[in-house]
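# Notes for the structure review
Spelled out from the first residue to the last, the chains are:
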Amino acid sequence: ESRRFARYVICMGALLSNLSAGMLNVALLDMANEFGYPVGIVQWVITVYLLTIAVCLPIMGRLGDIRSKRAIHNAGFLLFLAGALCCAFAPSLPAMLAARVVQGIGASMYQATNMALVVSLVPSEHRGRALGVASTFVAAGTIIGPSLGGVIVQWMSWRANFWVLVGMASIVWLLAQFAIPKDRPTAKAPVD
């Protein structure tokens, strides 16, 4: 039962990462108005986040093998949280983009290790189902993101999107500290 809970906590990271990508799409116009840039430039807020994740995924996966998947995974939530907090207070678009890079690095840390952690918590005959559940959380984040972002922007400010992410990342990090069992490094060679 505790392993099942740990799997759901791990899956929350997949949801959180995709939520962060999707919920800002509807806030781009408000950001463009506040920062005084065209929407085409402000779209980099989303692009730089996704690009950072894509570039860092292999590195973070390797670091998870060398250090510990749990350590890299859980540290990713703190970095993601710090990036979201900086985004909430960003005084300019360049500051926002820098904070989104930090957020993307954090997201890549828990994305690169989440499937390996899920697999380590289930017997081989249940892996397909466990990975299917993890994929469902990915899809849920993608689906929920724009709707949630739209509601937040309509009733509050675009900055409130980041406060929601800060709150969610804090809760998931705390749960991950207690729920995910410690693992051992599986590789000794340094990152190439």
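One can find the structure itself at the top, above this paragraph.
Read on for a plain summary of the structure. Here the structure is a predicted model, which is why all the values come from computation and not from measurement. (Residues numbered from 1 in each chain as written. Predicted model: local features only at pLDDT ≥ 70, side-chain atom pairs only at ≥ 80, totals over all residues. Heavy atoms only, no water.)

### Observations regarding the overall build of the protein chain
Threshold: Only DSSP runs of H or I covering at least 4 residues are called helices, and only runs of E covering at least 2 are called strands; the numbering of each starts at the N terminus. Atoms counted for the radius of gyration: C-alpha only. Globule rule: 2.2 Å times residue count to the power 0.38. The rule is simple: take the accessible area with a 1.4 Å probe, protein chains only, and divide by the maximum for that residue type; under 20% is buried, over 50% is exposed, in between is partly exposed. Any pair of residues with heavy atoms lying within 4.5 Å of one another is described as a contacting pair.
Along the protein chain, the regular secondary structure elements total eight helices and zero strands. When the helices and strands of the protein chain are placed in sequence order, the string is α-α-α-α-α-α-α-α. Rg of the C-alpha trace for the protein chain: 17 Å, near the compact-globule value of 16 Å for 192 residues, within the 12% margin. Principal-axis analysis of the C-alpha atoms gives the protein chain an extent of 50 × 35 × 25 Å. Going through the 192 residues of the protein chain one by one, you find that 45% of them count as buried. Of the contacts formed within the protein chain by residues at least 6 apart in sequence, a portion of 84% connects residues at least 24 apart.

### Looking at the pattern of salt bridges
Definition in use: We define a salt bridge as a side-chain nitrogen of Lys or Arg found within 4 Å of a carboxyl oxygen belonging to Asp or Glu.
The tally for this structure, following the rule as stated, stands at two salt bridges. A salt bridge links Arg-159 to Glu-34; its shortest N-O distance comes to 2.6 Å. Taken together, the residues Arg-159 in helix H8 (residues 159–179) and Glu-34 in helix H2 (residues 28–35) connect sequence positions 125 residues apart. Overall, Arg-159 belongs to the buried group, its relative accessible area being 18%. Relative accessible area serves as the criterion here: at 44%, Glu-34 is assigned to the partly exposed category. Note that Asp-65 and Lys-69 form a salt bridge whose closest N and O atoms lie 3.1 Å from each other.

### What to know about the packing of aromatic side chains
For clarity, the cut-off: Pairing of aromatic side chains here covers Phe, Tyr and the six-membered ring of Trp, requires ring centres within 6.5 Å, and sorts the geometry by plane angle: under 30 degrees stacked, over 60 edge-to-face, intermediate tilted.
One pass over the full model with this rule turns up five aromatic pairs. Here the aromatic rings of Phe-89 and Trp-163 are separated by 5.3 Å at their centres, their planes lie at 90°, and the arrangement is edge-to-face. Of this pair, Phe-89 sits in helix H5 (residues 69–89) while Trp-163 sits in helix H8, and the two are 74 residues apart along the sequence. Residue Trp-163 is classed as partly exposed on the basis of its relative accessible area of 41%.

### Details of a nonpolar patch on the surface
In plain terms, the rule: Note on patches: the residues involved have over 30% relative accessible area and no salt bridge, like charges join within 9 Å, and the nonpolar side chains Val, Leu, Ile, Met, Phe, Trp and Tyr join within 5 Å. Residue burial considers only the protein chains on display, and all accessible areas are found by Shrake-Rupley using a 1.4 Å probe.
Taken together, the side chains of Tyr-37, Ile-41, Trp-44, Leu-51 and Val-55 define a hydrophobic patch exposed on the protein surface, amounting to about 480 Å² of accessible area. Ranked by the residues each element gives to the nonpolar patch, the list is headed by helix H4 (residues 44–66), at three residues. Along the chain, Trp-44 falls in helix H4. In this structure Trp-44 comes out as partly exposed when scored by relative accessible area, which is 42%.

### Some thoughts on the packing of helix H1 (residues 2–22) against helix H6 (residues 93–120)
To keep it simple, the criterion reads: Note on geometry: axes are C-alpha line fits, over the in-contact stretch for helices, and angles between N-to-C directions span 0 to 180 degrees. Should the near helix be turned anticlockwise from the far one by less than a right angle, the crossing is left-handed, and should it be turned clockwise, the crossing is right-handed. Residues are sorted three ways: Asp, Glu, Lys and Arg are charged, Ala, Val, Leu, Ile, Met, Phe, Trp, Tyr, Cys and Pro are nonpolar, and all the rest, Gly among them, are polar.
At a minimum axis separation of 9 Å, H1 and H6 run at an interaxial angle of 150°. Note that H1 runs across H6; the crossing there is left-handed. On the side of H1, the interface is formed by Arg-3, Arg-7, Ile-10, Gly-13, Ala-14, Leu-16, Ser-17, Ser-20 and Ala-21, while H6 contributes Arg-100, Gln-103, Ala-107, Tyr-110, Gln-111, Asn-114, Leu-117, Val-118 and Ser-120. Residues of the contact of H1 with H6, tallied by class, amount to eight nonpolar, seven polar and three charged.

### Overview of the nonpolar core
Just so we agree on the cut-off: Residues enter a nonpolar core if they are buried and are Ala, Val, Leu, Ile, Met, Phe, Trp, Tyr or Cys, with the set joined through side-chain atoms within 4.5 Å.
Met-31, Phe-80, Met-96, Trp-158, Phe-162 and Leu-165 are the most contacted members of the largest nonpolar core, which totals 51 residues. Residue assignment for this core shows that the elements contributing at least two residues are H1, H2, H4, H5, H6, helix H7 (127–155) and H8. Not counting residues up to four positions away in its chain, the partners in contact with Phe-162 are Leu-24, Ala-84, Cys-87, Ala-88, Met-96, Arg-100 and Gln-103.

### So, the layout of surface pockets
Here the idea is plain: a probe the size of a water molecule rolls over the atoms and shows the empty space left. Let me state the cut-off plainly: Here a cavity denotes a set of grid points, spaced 1 Å apart and computed over the protein atoms alone, in which a 1.4 Å probe fits but from which it cannot get out, and a pocket denotes an open set meeting protein on both sides within 12 Å along at least five of seven lines; residues with an atom within 4 Å of a point are reported as lining. Grid points are joined across faces, edges and corners, and a volume is the space filled by probe spheres set on the points.
Of the voids in this model, the largest pocket is the one considered here, and its volume is about 230 Å³. Forming the walls of the largest pocket are 13 residues, and the residues nearest its centre are Arg-4, Arg-7, Val-122, Arg-129 and Ala-130. Residue assignment for the lining of the largest pocket shows that the elements contributing at least two residues are H1 and H7. Here the lining of the largest pocket gets five residues from one element, more than from any other, and that element is H1. Partitioned by chemical class, the residues of the lining of the largest pocket number eight nonpolar, one polar and four charged.

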